[in-house]
Amino acid sequence: EQIKKGSYDHFMQKEIHEQPHSLTTTMRGRLKDGGVLLGGLKEHLKTIRRCRRVVFIGCGTSYNAALAARPFVEELTGIPVTMEVASDLLDRQGPIYREDTAVFVSQSGETADTLHALDYALENGALCVGITNTVGSTLSRKTHCGVHINAGCEIGVASTKAYTSQIVAMAMMALAIGSDQISTQARRNAIISGLTSLPNSVSEVLKLDAEMKELASSLIDSESLLVFGRGYNYATALEGALKVKEVALMHSEGMLAGEMKHGPLALVDENLPIIVIATRDACFSKQQSVIQQLLSRKGRLIVMCSKGDASAVCPTGSCRVIEVPGVADCLQPVINIIPLQLLAYHLTVLRGFDVDQPRNLAKSVTTQ
Ligand code: AGP
């Protein structure tokens, strides 16, 4: 086991640091001649383009990856996208139609809730697409078509490299579905060039490791941590909070920043740490005003912003700032999750908990 971990202490740590490589393998051979080639989807692209809606279905981190993909799938394909947590779809027996494209996202391809939802969607006649890391898994065998994310084996119970590869696989899927649209050609080209340079930006953001360890040491005794995001980075807030709760065993909630004034604002005081994701995109000025509102209530803020934006996000200098490299707005979630993965990892080690086998959890949940 130690040999497999190489110079790392834990699989989660190794898998976080592997991401420049895992993302490269996710894209290998698929970005061609200024376009995207996904062999597993090729035959079904026409049907997907004609569908009434795309329904994303998954659990945990895989659900969060789909949520990160939702805005760019809507933007690049023009198809409405709805989100389903697999167990909730089953509990409600929610409507799935033959005109739907149901996209199932699962690292293992063996999660019971997701597989039951797949059976349900197949029974209802939807076109079923699988996004998985596991070749030969039940998910990859039972779906009509799909994309293997090729992130390499993930051992740590906390999913890290699979999350970023799932987002990139779904970005390529959105580019392929939307490739017949002339009006979005320039946007597609910009995203493809963003994908090409993404592994380098990931290597750069990993240099925040020591800074995240230091931040973790200032948070070890906190009872709770909130993470506010919106737009492309709502998913980042949910996923960052999920990482903190599942491995560091600290209560943490990811929240939609637009909902802050509808309840969560009551929690703000000088003790509760709050991470606000405020990297550059169309929601930037809204996040600046959220920061102002939190500061005026004496909130203890940690702000994630694009490089060079420290004074734009926190003119008073009273927040702790994490500066990350800027990439194409819709790919920014791939960068922004990494400091939060590092934070969760270091918090876990400093709090003395088991990083790779968190209490009560299994890598793949094969029972309902
Ligand atoms: C991720 O860190 C979690 N351990 C968990 O939420 C996981 O993502 C979920 O159980 C789904 O697993 P899957 O991707 O293998 O379907």
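Residue positions are counted from 1 within each chain, in the order its sequence is given. The predicted nature of this model means local features are confined to residues of pLDDT at least 70 and side-chain atom pairs, given and counted, to a pLDDT of 80 or more, with totals for whole chains, interfaces and linings taken over all residues.

The name recorded for the protein in an unreviewed UniProt entry is glutamine--fructose-6-phosphate transaminase (isomerizing), from Panicum hallii var. hallii. UniProt positions are given in the numbering used here, feature names are shortened, and annotations may be inferred rather than shown by experiment. Recorded in UniProt for the protein, the comment headed Catalytic activity (unreviewed entry) runs: "D-fructose 6-phosphate + L-glutamine = D-glucosamine 6-phosphate + L-glutamate".

Undergrad: Any chance you could break down helix α10 (residues 185–205) for me, citing the residues and the numbers?
TA: Over its 21 residues, α10 runs 29 Å from end to end, which matches the ideal 30 Å to within 8%, given 1.5 Å per residue. Bending is quantified residue by residue as the angle between axes fitted to the seven-residue window ending at that residue and the seven-residue window starting at it. A run of H or I in DSSP counts as a helix once it spans at least four residues, and a run of E counts as a strand once it spans at least two, with each numbered from the N terminus. The largest bend along α10 measures about 45 degrees and falls at S197, with the proline P199 one to four residues further on. For α10, the complete set of buried residues consists of I191, L195, L198, P199, S201, V202 and V205. Throughout, a pair of residues is in contact if the C-beta atoms placed from their backbones lie within 7 Å. Buried residues belonging to α10 abut α3 (19–27), β1 (31–32), α9 (161–177), β12 (320–324) and α15 (332–351). In this analysis, the expected span of each helix is defined as 1.5 Å times one less than the number of residues it contains. Partly exposed residues are those falling between the two cut-offs: more than 12 but fewer than 20 other C-beta atoms within 10 Å of their own, whereas 20 or more means buried and 12 or fewer means exposed, with C-beta atoms placed from the backbone.

Undergrad: Quick rundown of the site of the ligand? Include the residues and the values.
TA: A molecule or strand has a residue near it when that residue's C-beta atom, placed from backbone coordinates, lies within 6 Å of it. Near the ligand lie 15 residues; those nearest to it are G60, T61, S106, S108 and T111. The element contributing the most residues to the shell around the ligand is helix α5 (residues 60–77), with 3 residues.

Undergrad: So, unusual backbone geometry: which residues are in play, and what are the values?
TA: Only a minority of non-glycine residues have a phi that is not negative, and only a minority of peptide bonds are not trans. Phi at Q93 is positive, roughly 50 degrees, even though this residue is not glycine. Structurally, Q93 is set in the loop between α6 (86–92) and β5 (100–106). Under the C-beta neighbour-count criterion, Q93 is labelled exposed, with 9 such atoms within 10 Å.

Undergrad: Give a description of the packing of α5 against α9 that names residues and reports values.
TA: Between N-to-C directions, angles cover 0 to 180 degrees, with each direction set by a line fitted to C-alpha atoms, over the stretch in contact for helices. Two elements in contact, α5 and α9, have axes separated by 9 Å at closest approach and are oriented at 25 degrees. Judged by the angle between their axes, α5 and α9 are roughly parallel. Considering the relative orientation of α5 and α9, their crossing is right-handed. Facing α5, whose interface residues are T61, S62, N64, A65, A68, A69, F72, V73, L76 and T77, α9 presents Y163, Q166, I167, M170, A171, A174, L175 and I177. Gly falls in the polar group here, along with every residue not listed as nonpolar (Ala, Val, Leu, Ile, Met, Phe, Trp, Tyr, Cys, Pro) or charged (Asp, Glu, Lys, Arg). When the residues that make up the contact of α5 with α9 are grouped by side-chain class, the tally is 13 nonpolar, 5 polar and no charged. Note on terminology: angles under 35 degrees are roughly parallel, angles over 145 are roughly antiparallel, angles of 65 to 115 are roughly perpendicular, and the others are oblique. For any helix crossing, the convention is left-handed if the near helix is rotated counterclockwise from the far helix by under a right angle, and right-handed if that rotation is clockwise.

Undergrad: Summarise the pairing of strand β8 (residues 224–229); cite the residues concerned and give the values.
TA: Where burial is concerned, most of β8 is hidden: 5 out of the 6 residues are buried. At least two DSSP bridges between two strands are needed for those strands to be called paired. When β8 meets strand β9 (residues 251–256), the two strands line up parallel, connected through 6 bridges. Bridged to G229 within β9 is L256. Consider the strands pointing away from the viewer: the crossover is right-handed when the path from the first strand over the helix to the second runs clockwise. Note that the unit made of β8, helix α12 (residues 234–248) and β9 has a crossover that is right-handed. Where β8 meets strand β10 (residues 273–278), 3 bridges bridge the pair, whose relative direction is parallel. What sits directly across from L226, in β10, is I274.

Undergrad: I'd like a rundown of the sheet that holds strand β6 (residues 127–132), residues and numbers included.
TA: Either a parallel or an antiparallel arrangement is found when strands of a sheet pair, and the pairing is made through backbone hydrogen bonds. The parallel open sheet is built from 5 strands, whose spatial order is β4-β3-β5-β6-β7. Here the strands that pair on one side only, and so sit at the sheet edges, are β4 (81–85) and β7 (145–148). Direction aside, the axes of adjacent strands within the sheet are offset by 20 degrees on average. Summarising the sheet, β6 and β7 pair through 4 bridges and their orientation is parallel. In the strand pairing of β7, T132 is matched with H148. In the packing of α5 onto the sheet, the strands contacted are β3 (53–58), β4 and β5, and the crossing angle to β4 comes to about 175 degrees. Each of β5, β6 and β7 is contacted by α9, which is oriented at about 140 degrees to β6, the strand it contacts most.

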